[in-house]
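Each chain, written out:
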Amino acid sequence: MNHLSSETFGENAKAALADSHLRGALKNATSLFGERRKAAAASLPNWEDLRSEARAIKDDVLSHLDRYLEEFVGNAESRGAKIHWARDAAEANSIICDLAAESNARIVVKSKSMTTEETHLNAALEAAGMQVVETDLGEYIIQLADEPPSHIIAPAIHKTRGQIAELFNAELGMPLTDDVARLTSTARATLRDRFAAADVGISGVNFAIAETGTIVIVENEGNIRLTTSLPRIHIAVMGIEKVLPRFADLDVFLKLLPRSGTGQRLTTYQSYITGTKRQAGDEGPEELHIVLLDNGRSRMLAHPVTRQSLACIRCGACLNACPVYQQVGGHAYGSVYPGPIGAVITPQLMGIEKSAQLPYASSLCGACREVCPVKIDIPRLLLHLRAEIAPRKGKLSERLAFKMWAQVMMRPSLYKMGAVVGRIVQRFVPVAKAWTNGRDLRPIESKSFHELWSDE
Amino acid sequence: MNNTAREDILGSIRSHLATSAPYDKQEVSRGFARMNADQNPSSSVEICGQFKESLEAVDGHCVIVQGDEGIAGALTQIIRGGRVAISDNPDVERLLHLTDLEIDELGIAPDAHDIFRFDVGISSVQAAIAETGTLVLDSTRERHRFVSLVPPVHIAIVRASQIYRTLGEVLTLIRKDKEISPAVTFITGPSRTADIELTLAIGVHGPQELYVIVDEVN
Amino acid sequence: MSGENYKIGNRQSAIGNFMKVSLFVTCLVDQLWTSVGVSSVEVLRRVGCEVEFDKRQTCCAQPAFNTGYLDEARPVARRFIEIFEESKADAIVSPSGSCTAMVHHYPQLFAGDPEWLPRAQAIAAKTYELSSFLVRVLKVEDVGASWQGRLTWHDACHGLRDLNLKTEPRTLIRNVRGAEFVELEHADACCGFGGTFSVKYPEISVAILDQKIDAIERAGVQAVVSGDASCLMQIGGRLSRKRSKVKVMHLAELLSHR
């Protein structure tokens, strides 16, 4: 798989801007998503109250995350679930591969889970000799195309139907058609027997209820229900931040998540899974394993500004609202989590070494904060991360430039001189090609406002 | 098992929360208040009608009938023979036999291997939600986990007395159980996706068609 | 917002009222767009304010703050606070939403600093963007301006989302005699400037900008107005590169027009 790296975000973005198929697909997707979200939010007169309530619940959980996690684990275990703690991606993958191997699994069906994309689970399972089948249509498409997801909830949204038609034709021998209903029913038919044959089903988790030990998973396609009902073993993978305190809290989040994500009042299916079956003959898996993943999340608890990153319910609304994402799409970010939320959690999860560009990939417009159902102040987070990155990783020329800038701004005499120098420089030097490549530059005034005021 | 990992993670959570404490004090309170966010005004809209409207808005089919005769009549309209799988609720079998349908095969709660060959699945439900057109299925009270999922057509039989107005009420109902059921499923319409260019396609992995027969007199 | 609680006495009609305003002109306007500063002074005087200008002012420190250089931003911010603390004016008024928003962020910059936090809060509480000051504080909606033609408004992001400026500029524009106001499609979409973003990621900046330019062209206007000179530089720079006839105009310039 040719993953783009977040280290080369700038280059990735330029390439994306030159891809007219991609730009067309993005324009279509983000504007439709945006309109639907807006209409769905408007249909609830208490939308703002719900956002505040959801954020209050998340703040409570995150401030007491150890306690709520332990409560969840205790309740889930008492109902027969096996809990596995994974400090990082490697540990999570190893746990899951061991579970699959212990049960002599050959075929693993998966429903969409960004957490498993984060850990690159599929590669680990395949290396261990397992056949991994992605069953969510968008995930299935990108699996066929050998690409990473480009959106948190619609992984293949960067592809036009024509591109998908060609893909299905090449990989599945399906006659070329871009009729969406026919493409979908081909996927249904092709994947059907995988569900029946699978030994292990792997899913993500949208919410984990501490009070009852219940995991809640939402979807539209039905592949999550199949993945979590048919195979003998169900492995659910969740970030430690997915906990909610009470079952009743779902009322708030089930109102916010579908509307924010797709503009739906409710997704077609919600599965509420609490432990294992009561009797041997009951329908459903024999074993339920829940993998709790840290992978850098606990570190984010160390400051109130970064802690709110963990409130994210993975709706994708910020992606659709972001002017940068709208232009370049998800792959350019080089991360499983793109867009505004990706720009703040990727550096925190993966470290700033490779992802230092991401917090700067923003005009700080704040559209993301406006649409976030849990009121994450992403611009504030971006600034917080920039303040960590600039002094350590900023280019030397930039750091020096700002030190000089401060000196000039502290001294009116230097400031005035700076203007004079600027006027001269601008006449002889093509200033800031980065600006002038696309835009005309306004010339420095021959007299500053300071000087005009003196004349009065 | 991996107790070290558990202690490491919980320890990491605690120590990082402790680090945050002085900064938490500096944060100007934003006043995210907990409140009873949802006070649904009681609606005078008739509950069966509201359920039907909500379900049809998400491409489900809904027919409102009176009593067992009505249900049988609706089944006759919907089913065109074939192989029919039903849940283990004896009511469902009884209602099916009230019809004169000729079906090729009847399976009662077939298992995971057999379920795939059936054309239609019929079940009852444990509750329903009017404001969203949702069916609530509890797999410990009825064997319908596969019946409601695998065959391309799902027919659900709902009695009016099972319909609640809001999602919140049903969540409360589920939570009432001292030991919450291991597998509860909410179903709102037939399966769908918009993964290709955000264009809606009905019928993906779950049923392609959902019919709900509502008995408004019981 | 922080300014709302500041008491400045009764406000009725504009003319005849005496209020003292200290102008925070911003380094951008000072160097690159002086007519915005001149127009702001003219409008404020026209509605009865006495305007003073402290020539020691330079910058609010937004460029350093936004790029992550807090150690460089803080001394510049402290200097701003010190200078304006000395003013006896009732309010500090600026023709820039983003610079005003920066001053409102000073408490964040000095969080946990027992000496500077209260001083930052006090200055932030009396700093206003021009249209907000006119409409919310002075309760003035008509400044006696006139301008012939079709125009539209671009909501600058900081003004819109940090300062909640949406109706105030529109109210003022609608009272400009002779001006035909057209609501821009996606008026609240970012223009793509974003400070250093515009030169760190210029291609993305221009791609975002072109959405705004398309909307402006579709609106069929003679001018696009905004409350932030930075947005106008971005939009104007592209319009002129594309040889468009559409002009950019700052709200202050429009309001001072007769």
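Residues numbered from 1 in each chain as written. Chains lettered and ligands numbered in written order. Predicted model: local features only at pLDDT ≥ 70, side-chain atom pairs only at ≥ 80, totals over all residues. Heavy atoms only, no water.

(A) Focus on the interface of chain A and chain B. Contact with chain A, which involves 104 residues of that partner, is made by 74 residues of chain B. In total, chain A and chain B occlude about 7800 Å² of area from one another, counting both sides; carbon and sulfur atoms represent 57% of this. Counting across the interface, chain A meets chain B through 10 salt bridges. Across the salt bridge formed by A:Asp66 and B:Arg14, the nearest N and O atoms sit 2.8 Å from each other. Here chain A and chain B share 41 residue pairs in polar contact (both at pLDDT 80 or more) between them. Here the element with the most residues in the side of chain A that touches chain B is helix α3 (residues 47-63) of chain A; it accounts for 10 residues. The class makeup of the residues in the side of chain A that touches chain B is 44 nonpolar, 28 polar and 32 charged. (Contact = heavy atoms within 4.5 Å. Buried area = accessible area lost by both parts, 1.4 Å probe. Salt bridge = Lys/Arg side-chain N within 4 Å of Asp/Glu carboxyl O. Polar contact = N/O pair within 3.5 Å; in protein donor to acceptor, adjacent residues only side chain to side chain. Helix = DSSP H or I, 4+ residues; strand = E, 2+ residues; numbered from the N terminus. Nonpolar A, V, L, I, M, F, W, Y, C, P; charged D, E, K, R; others polar.)

(B) Up close: the sheet that holds strand β10 (residues 287-293) of chain A. All names here are of chain A. Strand order across the open sheet formed by six strands is β1-β10-β7-β4-β2-β3, with parallel pairing between neighbours. In this open sheet, the two strands that pair with only one neighbour each are β1 (82-86) and β3 (131-134). The mean angle between the axes of side-by-side strands here comes to 20°, regardless of whether they run parallel or antiparallel. Relative to β10, β1 is paired through five bridges, and the arrangement is parallel. The residue of β10 that forms the bridge with Trp85 is Leu292. (Pairing = 2+ DSSP bridges. Axes fitted to C-alpha atoms, helices over the stretch in contact; angles between N-to-C directions.)

(C) Geometry of the domain arrangement of chain A. What the domain assignment lists for chain A is domain 1 (43-298) and domain 2 (398-455). Placing the centre of domain 1 of chain A and that of domain 2 of chain A at their C-alpha centroids yields a distance of 54 Å. (Domains from an automatic or database assignment.)

(D) View of the packing of aromatic side chains. With the rule as written, the count across this model stands at 20 aromatic pairs over all chains. With 4.6 Å between their ring centres and 50° between their planes, A:Tyr272 and B:Phe186 make a pair best called tilted. Within this pair, whereas A:Tyr272 is found in strand β9 (residues 269-273), its partner B:Phe186 is found in strand β9 (residues 183-187), the two belonging to separate chains. The exposure classification of A:Tyr272 matches that of B:Phe186, with both residues buried. Ring geometry for C:Phe80 against C:Tyr106: centres 5.7 Å apart, planes inclined by 80°, an arrangement best described as edge-to-face. Residue C:Phe80 is located in helix α4 (residues 70-85), and its partner C:Tyr106 is located in helix α6 (residues 106-109); the two are separated by 26 residues in the primary sequence. C:Tyr106 matches C:Phe80 in its accessibility class, with the two residues each being buried. An aromatic cluster of three or more residues is present, and its members are A:Phe9, A:Tyr325, A:Tyr333, C:Phe197 and C:Tyr201. The ring of A:Tyr68 carries the charged tip of A:Arg67 above its face, separated from the ring centre by 5.0 Å. (Phe/Tyr/Trp six-rings, centres within 6.5 Å; stacked < 30°, edge-to-face > 60°. Buried < 20%, exposed > 50% of the residue type's maximum accessible area, 1.4 Å probe, protein only. Lys NZ or Arg CZ within 6 Å of the ring centre and 35° of its normal.)

(E) Quick peek at the packing of helix α12 (residues 250-261) of chain A against helix α5 (residues 167-176) of chain B. Look at α12(A) against α5(B): their axes get within 9 Å of each other, and the N-to-C directions meet at 140°. As judged from the angle between their axes, α12(A) and α5(B) are oblique. As for how α12(A) packs across α5(B), the hand of that crossing is right-handed. Contacts between α12(A) and α5(B) involve A:Leu250, A:Asp251 and A:Leu254 from the former and B:Leu167, B:Gly168 and B:Leu171 from the latter. (Parallel < 35°, antiparallel > 145°, perpendicular 65-115°, else oblique. Left-handed = near helix turned anticlockwise from the far one by under 90°.)

(F) Expanded view of a negative patch on the surface. Where like charges cluster on the molecular surface, the negative patch consists of B:Asp100, B:Glu102, B:Asp104 and B:Asp119. Given the relative accessible area of 31%, B:Asp119 is considered partly exposed. (Patch = residues over 30% accessible without salt bridge, like charges linked within 9 Å, V, L, I, M, F, W, Y side chains within 5 Å. Areas by Shrake-Rupley, 256 points an atom, 1.4 Å probe, with all protein chains shown as cover. Lys, Arg positive; Asp, Glu negative; His and termini not counted. Charge placed at Lys NZ, Arg CZ, Asp CG, Glu CD.)

(G) Examining a nonpolar patch on the surface more closely. All names here are of chain A. Together, Met417, Val421 and Val425 make up an exposed nonpolar region whose accessible area comes to about 240 Å². Position of Val425 relative to the elements: it lies in helix α21 (residues 412-428). Val425 sits in the partly exposed class, given a relative accessible area of 36%.

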